[in-house]
Protein chains: 4
Amino acid sequence: MENIGILFANHPHRPPDPSLIATCVAACYECGSLLVACSDACLAEPRVAELVCCIRTSLDCADVCLATARVVSRLTEPSPMLLEVQLTACAEACRVCSEECDSYAAMFEHCRICAKACRACEQTCRALLHGASLT
Amino acid sequence: MENIGILFANHPHRPPDPSLIATCVAACYECGSLLVACSDACLAEPRVAELVCCIRTSLDCADVCLATARVVSRLTEPSPMLLEVQLTACAEACRVCSEECDSYAAMFEHCRICAKACRACEQTCRALLHGASLT
Amino acid sequence: MENIGILFANHPHRPPDPSLIATCVAACYECGSLLVACSDACLAEPRVAELVCCIRTSLDCADVCLATARVVSRLTEPSPMLLEVQLTACAEACRVCSEECDSYAAMFEHCRICAKACRACEQTCRALLHGASLT
Amino acid sequence: MENIGILFANHPHRPPDPSLIATCVAACYECGSLLVACSDACLAEPRVAELVCCIRTSLDCADVCLATARVVSRLTEPSPMLLEVQLTACAEACRVCSEECDSYAAMFEHCRICAKACRACEQTCRALLHGASLT
């Protein structure tokens, strides 16, 4: 999703490091999109009754990731406090969800892919939280 | 939006106080829906250039409120930590946005309505955060 | 959700009949919010394996209703064609979902509430499609 | 976003051609994410008053693309009718939005990037509509 980086570099409020924000936004969309698909794959498994917690956590984490992606994408007149709490929520949602998906990673490839995306998304959110762009 | 309260009361994991959660969910949807409409009304004002910060903050807060509504609506196998961080993010987004909308409340009725909805949503999120339902 | 009607009446592009649009927007949010909660209630039912189709259809219909609510809420420089196709999609999604939820209405109160909300939402979408506001 | 293709290939209801659906889902997320960022970039332009229609259309199209991405991602018990109307709505929204963004493509790189993404998304939606996967 490199186009988003080019777009940020051409934004009137070009950030000092467009790729730092682009990496986080791309990770949020990637994680959210995989979780929507994974929750549907879990729903189709014959053992769906055992996957209820995994489905529910994935639906929550998908909603949080996709809303965070939108918030982080906006560079105009940002509110550092709002950005900080939403990035914190997203990192925490991804941490919780990666642990849940990890429990099924050995059984289901779709859960393994999601656990990995959650960890990557958590890391990029924390990197942005601690990066220069929020100070 | 009283139907959501009846639905929670008929959920297999009926919460001790369905109306506490229903009030928060309804406030999140109400606030998010008003912010989507208000950001569009601001965009249509002849003085749009002065309202850029208000539009941007409203778009962010709408996304956060509508995602929070979805997360809080799920009563199955909840993750207290995920719920806590997202409610905190929503309360903070509403606080920031209510102050922004308040600046234009005397000028635009649509901003006055939104400022009020943001304060109500912030309060219900904090009430749920401090309520028994998360312990 | 009467505040949205007051907001539309105070929009710079005040529509001829603000309550017609407000009724549709409120029905889309109501239906979407109930479907998010109902899909979670279905997921918590001991017979979840029989409810897979109902859960999946509800998740789809919720996404379509909540996106349609946002689109219909914007009164500034509307695109009649875009509005028409999205209202058509929402009416059809609600028709499909009301039939699916109806199959479980006798068994689960949460499905009965959703089937009713889907029918109401379908009707308001069709009313707006055939109303004067799109011509 | 190739992980989504691998996930579809490992879904219990593996589609005959996972890459056809993955291409459409990826294009919907790509287009939606660029439109959220572009509407914010337009809002930051000194000539924002001339870009009101472009911002509004981009916000609508973003909402439609991101909802369509979720619907198309679900492979369990699909409703061909629901899928067809939502893909039609998305293709139409992208057509309208690509024309709007094209008007500013020579002036703003962010609009040029979005116009291109809208055309790509429209094409993948139409390809899926006419493909074997919906019959």
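The notes below deal with the structure included here. (Residues numbered from 1 in each chain as written. Chains lettered and ligands numbered in written order. Predicted model: local features only at pLDDT ≥ 70, side-chain atom pairs only at ≥ 80, totals over all residues. Heavy atoms only, no water.)

Take the relation of the copies chain D and chain B next. With an RMSD of 0.0 Å, the operation that places chain D on chain B is a rotation of 180° combined with a shift of 0.0 Å along the axis. Here the transformation between the copies is reduced to the relation of a two-fold axis. Within chain D, the C-alpha atom positioned nearest to the axis of rotation is that of Ala49(D), 3.3 Å from it. Of all interface residues in chain D, 100% are interface residues in chain B too; the two copies therefore contact each other through one and the same surface. (Least-squares fit on C-alpha atoms with pLDDT ≥ 70 in both. Contact = heavy atoms within 4.5 Å.)

Moving on to the relation of the copies chain D and chain A. Between the two copies, chain D and chain A, the superposition gives an RMSD of 0.0 Å; the rotation angle is 180° and the shift along the axis is 0.0 Å. Most of the interface of chain D is mirrored in chain A, where 100% of its interface residues again form contacts.

With that settled, the discussion passes to the interface of chain D and chain A. The interface is formed by 33 residues belonging to chain D together with 33 residues belonging to chain A. At the boundary of chain D with chain A, total buried surface from both sides reaches about 3000 Å², with 67% on carbon and sulfur atoms. When residues of chain D are sorted by the area they lose upon contact with chain A, Leu7(D), Asp40(D) and Arg70(D) head the list and together hold 19% of the total. In this structure, Asp63(A) engages Arg70(D) in a salt bridge whose closest nitrogen and oxygen atoms are separated by 2.8 Å. (Buried area = accessible area lost by both parts, 1.4 Å probe. Salt bridge = Lys/Arg side-chain N within 4 Å of Asp/Glu carboxyl O.)

Turning next to the pattern of salt bridges. Throughout the structure, instances matching the rule amount to 44 salt bridges over all chains. For the salt bridge of Arg74(D) with Asp60(C), the shortest nitrogen-to-oxygen distance reads 2.5 Å. With Arg74(D) in the loop between α3 (52-73) and α4 (80-102) and Asp60(C) in helix α3 (residues 52-73), the pair connects residues from two separate chains. Here Arg74(D) falls in the buried class, since its relative accessible area comes to 5%. Overall, the relative accessible area of 1% leaves Asp60(C) in the buried class. (Helix = DSSP H or I, 4+ residues; strand = E, 2+ residues; numbered from the N terminus. Buried < 20%, exposed > 50% of the residue type's maximum accessible area, 1.4 Å probe, protein only.)

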